[in-house]
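Residues per chain, in single letters:
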Amino acid sequence: MAELVDFQDGKVICGRWKVHTQLGAGGCGAVYKVEDLCNKGFMAAMKVESNDVGNMGVLKLEVQVLGKLKDIPDAFRLYDMGKRKKYSFMVMSLGGQDLLNLAMRSPKTLSLPTIARIGVMCLSAIKSIHDVGFVHRDVKPGNFVQGCTTGRLARLLYLIDFGLIRAYMKEGKGGEMKMRKARTTVALRGTFRYCSLNTHNRLEQGRVDDLYSLLHVLQAINRGLPWDGVKDEKEIMMKKAMDPSIIFKDAPAEFVTIAEYLMTLSSTDKPDYMKVYKLLFEELERTNVNFLMPYEWETKRSDENTMVEPSKHERKTFQKDSDEKLQYRIYPQLNPKKFADAGVQLLC
Ligand SMILES: Nc1ncnc2c1ncn2[C@@H]1O[C@H](COP(=O)(O)OP(=O)(O)O)[C@@H](O)[C@H]1O
Ligand SMILES: [Mg+2]
């Protein structure tokens, strides 16, 4: 099956998309960096999936979700899609490295303020998915990708891979949006290392479960998780049930408060994103770190080459602004306003 989607470099799909390199591979397909031959030099990412019987065929769903995200600034654009005899494909914006690579390959250990900044970026990306009515259900480092390979968007993380996504609302008879009823038991969807205890218990996942996964992602790239290396699900569950102060040892103290807050929510509740944002932000206030400062994985050269920093012109134009204000002019996605935003209006 993998052979069907194992494209060689130089292959051209639909007379338009020329394969350059492979960016990633999964069970049912792969992702390639491709060049648009109709727009020379324009690079994009193509996700390909085999049409084999037995394959879940999730690309259609991914296309649907990208369509819903089309007006959201921190999401990738959909450029093309298609179905051939043996495979289906979709073409989207090309992002940079995923968080797994950034954290693993960073030449320096990630500091706590960087963990907190990653937390804010990921929270923003997760909220965008929630705002259009979906629970992601597979929040993990490999599914967060830098918004672009270079430049300012490289300092944002976008959430990708909608293969396990589920709508938490549906249209009522009168056209109004309503919460879907939680099922009592469901098949496990997600990744053992990062999913919530509710997910292990085969309960319906809600927005809160994506936020539990976010905390697990952050602690995984910080100090690791108590269940790392454990294979037995029962044992993982016992460890996930431990006191948050043990799970989030050596993390910013607010992680425990966030975990305790999440424990008060049910799968149908809308999380208070602003509360979580403010708690993550406390680490940045304590350490005086902001979103204009470099990350440990950036080299000085990449900074200089890609003009990530505010330009002299920007500094002059916004000279009355402190760095605190300037960071939100450059990264409006991380502005506290985004987290206070009401999102989708639901009738419960
Ligand atoms: N738009 C993109 N830009 C850059 N890299 C991407 C993009 N989409 C996916 N990737 C890379 O490919 C990997 C696999 O993609 P993903 O959509 O998560 O597929 P899978 O379902 O196989 O996990 C990601 O972890 C990431 O490294
Ligand atoms: Mg993935």
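Just so we're clear, the structure is a prediction, and the values are computed from it rather than from any experiment.

(A) Broad picture of the overall build of the chain. Counting its secondary structure elements, the chain contains 13 helices and 12 strands. On C-alpha atoms alone, the chain measures out to a radius of gyration of 21 Å, which is about the 20 Å that the 2.2 N^0.38 rule sets for 348 residues. In terms of principal-axis extent, the alpha carbons of the chain reach across some 55 × 55 × 50 Å. Look at the contacts in the chain between residues 6 or more apart in sequence, and 64% of them connect residues 24 or more apart.

(B) The nonpolar core, seen in detail. Core analysis: the largest hydrophobic core is formed by 77 residues, its most contacted members being Met 46, Val 91, Cys 122, Leu 123, Leu 157, Tyr 158 and Leu 214. With 10 residues, helix 3 (residues 112-131) is the largest single contributor of residues to this core. Two domains each put at least three residues into this core: domain 1 (12-92) and domain 2 (99-284 + 335-340). Setting aside chain neighbours within four positions, we find Leu 123 in contact with Leu 214, Tyr 273, Val 276, Tyr 277 and Leu 280.

(C) Spotlight on the site of ligand 1. Near ligand 1 lie 18 residues; those nearest to it are Gly 24, Gly 26, Ala 45, Gly 95 and Asp 161. Residue classes in the shell around ligand 1 are distributed as 8 nonpolar, 7 polar and 3 charged. Here the shell around ligand 1 spans two domains, since at least three of its residues come from each of domain 1 (12-92) and domain 2 (99-284 + 335-340).

(D) Geometry of the sheet that holds strand 4 (residues 43-50). If you walk across this open sheet you meet the 6 strands as 1-2-3-4-6-5, and the pairing is antiparallel. Looking at the sheet topology across the chains shown, the edges are occupied by strand 1 (12-13) and strand 5 (78-83). Bridge analysis of strand 5 against strand 6 (residues 87-93) gives 5 bridges, and the strand direction is antiparallel. Along strand 6, the bridge assignment pairs Lys 83 with Ser 88.

(E) Seen up close, helix 1 (residues 59-68). Buried within helix 1 we find Leu 59, Glu 62, Val 65 and Leu 66. Angularly, the buried residues of helix 1 cover 115° about the axis, an arc narrow enough to put them on a single face. Seen from the open side of helix 1, the exposed residues pointing more than 90 degrees away from its buried face are Lys 60 and Gly 67.

(F) Geometry of the domain arrangement of the chain. Domains assigned within the chain are domain 1 (12-92) and domain 2 (99-284 + 335-340). Centre-to-centre separation of domain 1 and domain 2, based on C-alpha positions: 25 Å. Counting residues at the interface gives 10 residues for domain 1 and 12 residues for domain 2.

(G) Fine view of the environment of Cys 195. Position of Cys 195 among the secondary structure elements: in the loop between strand 12 (177-179) and helix 4 (197-200). Separated by 180 residues in sequence, Cys 195 and Gly 15 place their C-alpha atoms 41 Å apart. Those residues in contact with Cys 195 that sit more than four places away from it in its chain are Gly 190, His 200 and Ser 213.

(H) Fine view of the packing of helix 8 (residues 254-262) against helix 9 (residues 273-287). Between helix 8 and helix 9, the least distance of the axes is 9 Å, while the angle of their chain directions is 170°. By the criterion of interaxial angle, the relationship of helix 8 to helix 9 is roughly antiparallel. The two elements helix 8 and helix 9 cross, and the hand of that crossing is left-handed. Contacts from Glu 254, Thr 257, Ile 258 and Tyr 261 of helix 8 reach helix 9 at Lys 275, Val 276, Leu 279, Leu 280, Glu 282 and Glu 283. Grouping the amino acids of the contact of helix 8 with helix 9 by side-chain chemistry returns 5 nonpolar, 1 polar and 4 charged.

(I) How the structure looks around unusual backbone geometry. The phi dihedral of Cys 14 is positive, around 55°, even though this residue is not glycine. Within the fold, Cys 14 resides in the loop between strand 1 and strand 2 (17-25). Even without being a glycine, Asp 250 presents a positive backbone phi close to 65°. In this structure, Asp 250 sits in the loop between helix 7 (244-247) and helix 8.

(J) Spotlight on the packing of helix 5 (residues 207-222) against helix 8. Orientation of helix 5 relative to helix 8, taken along the N-to-C sense of each, is 160°, at an axis distance of 10 Å. With respect to helix 8, the element helix 5 is oriented roughly antiparallel. The chirality of how helix 5 crosses helix 8 is left-handed. Two secondary-structure elements touch here, helix 5 through Val 208, Leu 211, Tyr 212, Leu 215 and Gln 219 and helix 8 through Phe 255, Ile 258, Ala 259 and Leu 262. Residue composition of the contact of helix 5 with helix 8, by class: 8 nonpolar, 1 polar and no charged.

(K) Main features of the environment of Cys 14. Cys 14 sits in the exposed class, given 11 other C-beta atoms within 10 Å. For the pair Cys 14 and Tyr 331, spaced 317 residues apart in sequence, the C-alpha to C-alpha distance is 36 Å.

(L) Looking closely at the environment of Asn 201. Looking at where Asn 201 falls in the secondary structure, it is placed in the loop between helix 4 and helix 5. Taking the C-alpha atoms as reference points, Asn 201 and Lys 325, separated by 124 residues in sequence, lie 44 Å from one another.

(M) Layout of the pairing of strand 6. The element strand 6 is largely enclosed, with a buried count of 6 among its 7 residues. Bridging between strand 4 and strand 6 involves 7 bridges; their strand directions are antiparallel. By the bridge assignment for strand 6, Met 46 is matched with Val 91.

Criteria and thresholds
- Each chain carries its own residue numbering, running from 1 in the written order of its sequence.
- Lettering of chains starts at A and numbering of ligands starts at 1, both following the order in which they are written.
- The predicted origin of the model limits local features to residues at a pLDDT of at least 70 and limits the giving and counting of side-chain atom pairs to 80 or more, whereas totals for whole chains, interfaces and linings rest on all residues.
- Helix and strand definitions follow DSSP, with helices as H or I runs of at least four residues and strands as E runs of at least two, each counted in order from the N terminus.
- Radius of gyration: C-alpha atoms only; globule rule: 2.2 Å multiplied by the number of residues to the exponent 0.38.
- C-beta atoms are first placed from the backbone for all residues, and any pair lying within 7 Å is then listed as a contact.
- When buried Ala, Val, Leu, Ile, Met, Phe, Trp, Tyr and Cys residues are joined through C-beta atoms within 7 Å, the set is termed a nonpolar core.
- Around each residue's C-beta, the other C-beta atoms within 10 Å are counted; 20 or more make the residue buried, 12 or fewer make it exposed, and counts in between make it partly exposed. All C-beta atoms are placed from the backbone.
- Segment limits for the domains were obtained from an automatic or database-derived domain assignment.
- Any residue whose backbone-placed C-beta atom lies within 6 Å of a molecule or strand is treated as near that molecule or strand.
- Amino acids are sorted into nonpolar (Ala, Val, Leu, Ile, Met, Phe, Trp, Tyr, Cys and Pro), charged (Asp, Glu, Lys and Arg) and polar (every other residue, Gly among them).
- DSSP bridges decide pairing: two strands pair if at least two such bridges lie between them.
- Note that the arc is defined by the directions from the helix axis to the C-beta atoms.
- Between the N-to-C directions of two axes lies an angle of 0 to 180 degrees, each axis being a line fitted to C-alpha atoms and, for a helix, fitted only over the stretch in contact.
- Roughly parallel here means an angle under 35 degrees, roughly antiparallel means over 145, roughly perpendicular means 65 to 115, and every remaining angle is called oblique.
- By definition, turning the near helix anticlockwise from the far helix through less than a right angle yields a left-handed crossing, and turning it clockwise yields a right-handed one.

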